[in-house]
Amino acid sequence: NKNWILMVTARSPTNIAVIKYWGKRDETLILPINDSISVTLDPEHLCTTTTVAVSPKFEEDRMWLNKKEISLSGGRFQSCLREIRSRGTDFEDEEKGIFIKKEDWKKLHVHIDSFNNFPTAAGLASSAAGFACLVYSLAKLMNVKEDEGQLSAIARQGSGSACRSLYGGFVKWSMGNDANGSDSIAVQLATEAHWDELVIIIAVVSSRQKETSSTTGMRESVETSPLLHYRSKEVVPKRILQMEEAIRTRDFPSFAKLTCADSNQFHATCLDTSPPIFYMNDTSHRQVFCMEKWNRSEGTPQVAYTFDAGPNAVLIAKNRKVATQLLQRLLFYFPPSADTELDSYLIGDKSILKD
Ligand code: PMV
């Protein structure tokens, strides 16, 4: 019987690093030069939804991203497909007459349909959600028995930060020691319920695609920035321990100080790169100034800010009350331009506007 199609749909949120990953020690396996810690966003917003299908009728592997067909020939897609295929196990659905032996997964072709509900490649970690979702849905389709940790090591080979999106809540990616990357995996530090007062607001300063990809940027920083090497050896190991403690004890002042300091140091390493990389723009700098001023005037941090490889601010408010004040400040100091619909300016939980 060749008349069947097997399908799985999964949804994966993106994650935002509070201790950043920047720099690879192995570019093919995607092994980082330091540990990193992130928070996974609510799956309702900023997520990728991926449907993967397999059928004996498919003649080649194909993929569509946001309804446009894209090539699967890149090494990263090929690594993820190969790793998952080699771990597929026997599958049978007697009712539908489908019997797949584990070795068949290497011969059957897949079709992949993926959709981001937010701007792709604008420093909002679209590749993190994308590869996590791809690996997870393929693993379910091919009856892979590996746990999330092992799947995270496969997602890592698609995009480093993707390994952290396999879990919700707070997640640590350990750089590992093995040359083959088997211990460079993500672990969950705390579930989303552990610190549910926090509210994350993303101010989309620009949804344009970034000029320097994270792959190129990291390579140039590793090759030319002395600050990056100092950071990875002397700064991050201590910060990781302090951040784990701040999360464990829900210590917002420490959490905020570490998050802001780490974002600023990451962007400093970008400036220390030759030629320098500018991910933040004037609006991002004004946002930092505004948040710093507010935190100082309150005597204790109310909001943490962090910026990835783009100008968009990720703002983490201490609680819902602070989040409402934060939104008021954002709308006052950084109003949307006249032609922007409020709906596209504010992604996410708009109920906070009613408070
Ligand atoms: O995984 P990549 O190649 O998209 O790199 C992500 C790099 C940062 O977002 C800047 C930091 C991080 O840890 O996510």
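Residues numbered from 1 in each chain as written. Predicted model: local features only at pLDDT ≥ 70, side-chain atom pairs only at ≥ 80, totals over all residues.

As annotated in an unreviewed UniProt entry, the chain carries the name Diphosphomevalonate decarboxylase and is attributed to Macleaya cordata. Under the UniProt heading Catalytic activity (unreviewed entry), the note attached to the chain is "(R)-5-diphosphomevalonate + ATP = isopentenyl diphosphate + ADP + phosphate + CO2". Quoted straight from UniProt, the Function (unreviewed entry) entry for the chain says "Performs the first committed step in the biosynthesis of isoprene-containing compounds such as sterols and terpenoids." (UniProt positions renumbered as here; feature names shortened; annotations may be inferred.)

Draft legend 1. Region of interest: the overall build of the chain. In terms of helices and strands, the chain carries nine helices and 16 strands. Taken over the C-alpha trace, the chain has a radius of gyration of 21 Å; the compact-globule value for 355 residues is 20 Å, and the two agree within 12%. Seen through its C-alpha atoms, the chain measures out along the principal axes to roughly 70 × 45 × 40 Å. Sequence-distant contacts, at least 24 apart, represent 71% of the contacts inside the chain between residues at least 6 apart. (Helix = DSSP H or I, 4+ residues; strand = E, 2+ residues; numbered from the N terminus. Rg over C-alpha atoms; globule rule 2.2 N^0.38 Å. Contact = placed C-beta atoms within 7 Å.)

Draft legend 2. Local environment of the environment of Thr259. Tracing the chain through its elements places Thr259 in helix H6 (residues 252-271). Classification of Thr259 by C-beta neighbours within 10 Å gives buried; the count is 27. In the structure, Thr259 is positioned 104 residues away from Ala155 in sequence and 25 Å away in space, judged by C-alpha atoms. Excluding anything up to four places from it in sequence, Thr259 contacts Val18, Ala304, Thr306 and Ile316. (Buried ≥ 20, exposed ≤ 12 C-beta atoms within 10 Å, placed from the backbone.)

Draft legend 3. Geometry of the sheet that holds strand S13 (residues 186-190). Here we have four strands laid out as an open sheet, ordered S2-S5-S12-S13, and antiparallel in their pairing. The open sheet terminates on both sides in strands that have one partner only, identified here as strand S2 (15-19) and S13. In this sheet, adjacent strand axes meet at a mean angle of 35° when their direction is disregarded. (Pairing = 2+ DSSP bridges. Axes fitted to C-alpha atoms, helices over the stretch in contact; angles between N-to-C directions.)

Draft legend 4. The arrangement of the site of the ligand in detail. Every one of the 13 residues lining the ligand counts as a neighbour, but Ala17, Tyr21, Gly160, Ser161 and Ser214 are closest to it. Residues that form the shell around the ligand fall into these classes: five nonpolar, six polar and two charged. (Near = placed C-beta within 6 Å. Nonpolar A, V, L, I, M, F, W, Y, C, P; charged D, E, K, R; others polar.)

Draft legend 5. Spatial organisation of helix H2 (residues 126-141). For H2, built from 16 residues, the straight-helix expectation of 22 Å at 1.5 Å per residue is met to within 8% by its first-to-last C-alpha distance of 22 Å. The element H2 is extensively covered by neighbouring structure, given that 15 of its 16 residues are classed as buried. (Expected span 1.5 Å × (residues − 1).)

Draft legend 6. Region of the structure containing the sheet that holds strand S11 (residues 109-116). Strand order in the open sheet made by the five strands is S1-S6-S11-S7-S8, with mixed pairing throughout. Strands at the two margins of the open sheet, each flanked by one partner only, are strand S1 (6-13) and strand S8 (68-70). Across the sheet, the mean angle separating the axes of adjacent strands is 20° when strand polarity is ignored. Relative to strand S6 (residues 47-55), S1 runs antiparallel, the two being bridged by eight bridges. From the neighbouring strand, Ala10 faces S6, where its bridge partner is Thr50. The sheet strands contacting H2 are S1, S6 and S11, and the helix crosses S1 at an angle near 150°.

Draft legend 7. Spotlight on the nonpolar core. Counting 84 residues, the largest nonpolar core has Ile84, Ala132, Val135, Ala155, Val303 and Leu315 as the members making the most contacts within it. It is H2 that contributes the most residues to this core, eleven residues altogether. Residues within four places of Ala155 in sequence aside, it is in contact with Phe131, Ala132, Val135, Ala162, Cys163 and Leu166. (Core = buried A, V, L, I, M, F, W, Y, C linked by C-beta atoms within 7 Å.)

Draft legend 8. Structural view of the pairing of strand S15 (residues 303-306). Where burial is concerned, the two faces of S15 agree: the one with Val303 and Tyr305 and the one with Ala304 and Thr306 are both buried. Sheet topology note: the S15/strand S16 (residues 313-317) ladder contains four bridges and is antiparallel. Paired with Val303 across the bridge in S16 is Ala317. In sequence, S15 turns back onto S16 through a hairpin of six residues.

Draft legend 9. How the structure looks around the environment of Leu227. Structurally, the position occupied by Leu227 is in helix H5 (residues 226-248). Owing to 17 C-beta atoms within 10 Å, Leu227 belongs among the partly exposed residues under this scheme. Sequence-wise, Leu227 and Leu271 are 44 residues apart; in three dimensions their C-alpha atoms are separated by 9.7 Å. Ignoring any residue separated from it by four or fewer positions in sequence, one finds Leu227 in contact with Ala268, Thr269 and Asp272.

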